[in-house]
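Architecture at a glance
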Amino acid sequence: MNALTITSGDVQTASEILMASAAALAERGQPLWPPQRLTPERLVRHYPDSGWRVAWQDGQAVGTYVLLDKDELFWPDDAPGTALYLHKLAVHPAAQGGGLARLLLAEAVAETRRVGVPFLRLDTASDRAKLRTLYEQFGFQNVGERQVGAYHVVLYSLGV
């Protein structure tokens, strides 16, 4: 596997990766994100441009995620500077199965260290066993659960 290059601020490409990933999950009967919530216009309403990361390998966009410096919806009790918050982690279907999700997580951890905050945090739907296993095997600790609107999520935290 060739090295990844990570760029930031490319919401259009992030949207394309998310759409492809969501479509593949839906085809497998595991819908995650409704496509209308993944358009660039919708993404920029909820996440700052500067937070988006796109991973490139051999000139192809292969993965994405967004990092936030606050997450009042899922982590309302966290003080400023406590953590970075990872959302919308996705690997393009054409690149899945090669360990890219772990590489993306490692990059998010490295960036969290560079910023100098003590934790990387994320949430995932409680019924996503494969994602939960990925996060737990990577070293994230399950620190609780929360109901946010219609979503029941598990909260994960990793000290960096």
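Residues numbered from 1 in each chain as written. Predicted model: local features only at pLDDT ≥ 70, side-chain atom pairs only at ≥ 80, totals over all residues. Heavy atoms only, no water.

Things to note about the packing of aromatic side chains
Our working definition: Any two rings among Phe, Tyr and Trp, with Trp reduced to its six-membered ring, count as a pair given centres within 6.5 Å; such a pair is stacked if its planes are under 30 degrees apart, edge-to-face if over 60, and tilted if neither. For the purposes of this entry, the term helix denotes a DSSP run of H or I that reaches at least four residues, the term strand denotes a run of E that reaches at least two, and both are numbered from the N terminus. Only protein chains enter the accessibility calculation, which uses a 1.4 Å probe; a residue is then buried when its area is under 20% of its type maximum, exposed when over 50%, and partly exposed in between.
Under the definition given, this model contains 5 aromatic pairs. Ring geometry for Trp75 and Tyr85: centres 6.2 Å apart, planes at 45°, overall tilted. Taken together, the residues span a long stretch of sequence, with Trp75 in the loop between strand S3 (60-68) and strand S4 (83-91) and Tyr85 in strand S4 at a distance of 10 residues. Centroid distance Tyr135 to Phe140: 5.9 Å. Interplanar angle 70°. Geometry classified as edge-to-face. Judged by its relative accessible area of 2%, Phe140 falls in the buried class.

Considering the nonpolar core
Selection criterion: Working definition of a nonpolar core: buried Ala, Val, Leu, Ile, Met, Phe, Trp, Tyr and Cys residues. They are joined through side-chain atoms within 4.5 Å. We call two residues in contact when some of their heavy atoms are within 4.5 Å.
Counting 24 residues, the largest nonpolar core has Leu86, Leu120, Tyr135 and Phe140 as its most contacted members. For this core, the secondary structure elements donating two or more residues are S3, S4, helix H3 (100-115), strand S5 (119-125), helix H4 (129-138) and strand S7 (151-159). Residue contributions to this core peak at 6 residues, all from H3. With residues near it in sequence (within four places) discarded, Phe140 still touches Leu105, Leu120, Leu122, Tyr135, Tyr156, Ser157 and Leu158. Ranked by size, the runner-up nonpolar core spans 22 residues in total, among them Val54, Ala61, Val153 and Leu155.

So, the sheet that holds S3
Applicable threshold: The pairing criterion is simple: DSSP has to find at least two bridges between the two strands. Between N-to-C directions, angles cover 0 to 180 degrees, with each direction set by a line fitted to C-alpha atoms, over the stretch in contact for helices.
Pairing is mixed across the open sheet formed by 7 strands, whose spatial order is S1-S2-S3-S4-S5-S7-S6. In this open sheet, the two strands that pair with only one neighbour each are strand S1 (5-8) and strand S6 (141-148). The average angle at which neighbouring strand axes cross in this sheet is 30°, direction not considered. Note: S5 against S7, 7 bridges, orientation antiparallel.

Comments concerning the side chain of Thr82
Stated precisely, the cut-off is as follows: Side-chain atoms alone can form a polar contact between residues adjacent in sequence; in general such a contact is a pair of N or O atoms within 3.5 Å, and within protein one must be able to donate a hydrogen while the other accepts it.
Positionally, Thr82 belongs in the loop between S3 and S4. A distance of 2.5 Å separates a polar side-chain atom of Thr82 from the backbone oxygen of Ala79. Not counting residues up to four positions away in its chain, the partners in contact with Thr82 are Val117, Pro118, Phe119 and Arg121.

Some thoughts on the packing of H3 against H4
Rules: By definition in this entry, angles of less than 35 degrees are roughly parallel, angles greater than 145 are roughly antiparallel, angles of 65 to 115 are roughly perpendicular, and the rest are oblique. Note: crossing handedness is left-handed where the near helix turns anticlockwise from the far helix by less than a right angle, and right-handed where it turns clockwise. Each residue is assigned to one of three groups, with Ala, Val, Leu, Ile, Met, Phe, Trp, Tyr, Cys and Pro labelled nonpolar, Asp, Glu, Lys and Arg labelled charged, and all others, Gly among them, labelled polar.
Running from N to C, H3 and H4 point in directions that differ by 50°, and their axes come no closer than 11 Å. In terms of axis orientation, H3 runs oblique to H4. In this structure, the crossing between H3 and H4 has a hand that is right-handed. Contact residues: H3 offers Ala101, Arg102, Leu105, Ala106 and Val109, while H4 offers Leu134, Tyr135, Gln137 and Phe138. Of the residues that constitute the contact of H3 with H4, the class distribution is 7 nonpolar, 1 polar and 1 charged.

Overview of the side chain of Asp123
What counts here: In this tally, Asp and Glu contribute negative charge and Lys and Arg positive charge; neither His nor the terminal groups of the chain are included. One speaks of a salt bridge when a side-chain nitrogen belonging to Lys or Arg is within 4 Å of a carboxyl oxygen belonging to Asp or Glu.
By secondary structure assignment, the location of Asp123 is in strand S5. Buried within the structure, Asp123 lacks any salt-bridge partner; Lys88 is the closest side chain of opposite charge, at an N-O distance of 8.0 Å. Among residues more than four places away in sequence, those in contact with Asp123 are Asp71, Phe74, His87, Val153, Val154 and Leu155.

Digging into H4
Since the α-helix turns once every 3.6 residues, residues separated by three or four places project in the same direction. Formally: Note that the arc is computed from the directions linking the helix axis to the C-beta atoms.
Residues of H4 that are buried: Arg132, Leu134 and Tyr135. Here the buried residues of H4 occupy an arc of 160° about the axis, which is enough to place them on one side. Exposed positions of H4 whose direction lies more than 90 degrees from the buried face are Ala129, Lys130 and Gln137. Structurally, H4 contributes buried residues whose contacts are with S4, H3, S5, S6 and S7.

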